[in-house]
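Chain and residue survey
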Amino acid sequence: MSAGSSLFFEDVVVGSVFLSGERIVTEEDLRVFTEVSGDRHPIHVDPDFAAASPFGQRILQGPFGIAVVLGLFGQFEALSEGSIALTDIQDWRFRAPIFVGDRLTLRMRIAGKTPSRSGTRGIVDREMTLVKGDGSVAQEGRMGLLMACRPATPTRP
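What you see is a predicted model, and the numbers here were worked out from it, not measured in a lab. (Residues numbered from 1 in each chain as written. Predicted model: local features only at pLDDT ≥ 70, side-chain atom pairs only at ≥ 80, totals over all residues. Heavy atoms only, no water.)

1. Overview of the overall build of the protein chain
The test is simple: Strands here mean DSSP runs of E at least two residues long; helices mean DSSP runs of H or I at least four residues long; both are numbered from the N terminus. Each residue gets one of three labels from its accessible area relative to the maximum for its type: buried under 20%, exposed over 50%, partly exposed in between, using a 1.4 Å probe on protein chains only. To measure how exposed things are, a 1.4 Å probe is used in the Shrake-Rupley method; for residues, cover is taken only from the protein chains shown. Positive charges come from Lys and Arg alone, negative charges from Asp and Glu alone, with His and the N- and C-terminal ends not counted. By convention, the point assigned to a charge is CZ for Arg, NZ for Lys, CD for Glu and CG for Asp.
Of the regular secondary structure elements, the protein chain holds 4 helices and 6 strands. Put simply, the protein chain runs from its N terminus to its C terminus through helices and strands in the order β-β-α-α-α-α-β-β-β-β. The buried share of the protein chain, reckoned over its 157 residues, is 36%. Carbon together with sulfur atoms contributes 55% to the accessible area of the protein chain, which is approximately 8700 Å² in total. Between the averaged position of the 17 positive side-chain charges in the protein chain and that of its 19 negative side-chain charges there is a distance of 7 Å.

2. Examining helix H1 (residues 27–37)
Worth spelling out the cut-off: This arc is built from the directions going out from the helix axis to the C-beta atoms. Note on contacts: a residue pair is in contact if any heavy atoms of the two residues lie within 4.5 Å.
Residues of H1 that are buried: Asp29, Leu30, Phe33 and Thr34. In a view along the axis of H1, the buried residues occupy a sector of 125°, so they form one face of it. On its buried face, H1 sits against strand S2 (23–24), helix H2 (42–45) and helix H4 (62–73). Among the residues trailing H1, Gly38 stands out with phi positive, at a value near 75°.

Note that every value here comes from positions in space, so none of it alone points to a role or purpose.
Written out as structure tokens, the structure is:
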């Protein structure tokens, strides 16, 4: 990627929408996330228990969706150079279960931005929506992103 295609804090436009590519949830995702989280509730690991649940099958742990959102955000390469850190997660809602085999995409809308006092960085408020292949919303909420301002270009004598 050329330096000209990188977006920094001042380049981000409020109201802009970014759409990621698709990520398919696998059996291995469920296995690994169960190990990482330690959440071994039967709704996640016991097919017979899950079959008798309102969902009819095993579901992935709620925080798995947040992890997927963060991973899909990485597809927005134009934002990678200017991104510094996740600052917060607000108003997160779990709207629909995530199942093995689901196809997930991220829709991100820039909801606002606030420059720092130093003028070298700022916080970008992002509305993050994790969308299932059928168009339903699995999870949604806001995430703040600390971004750097564009580096000053050297002046020529």
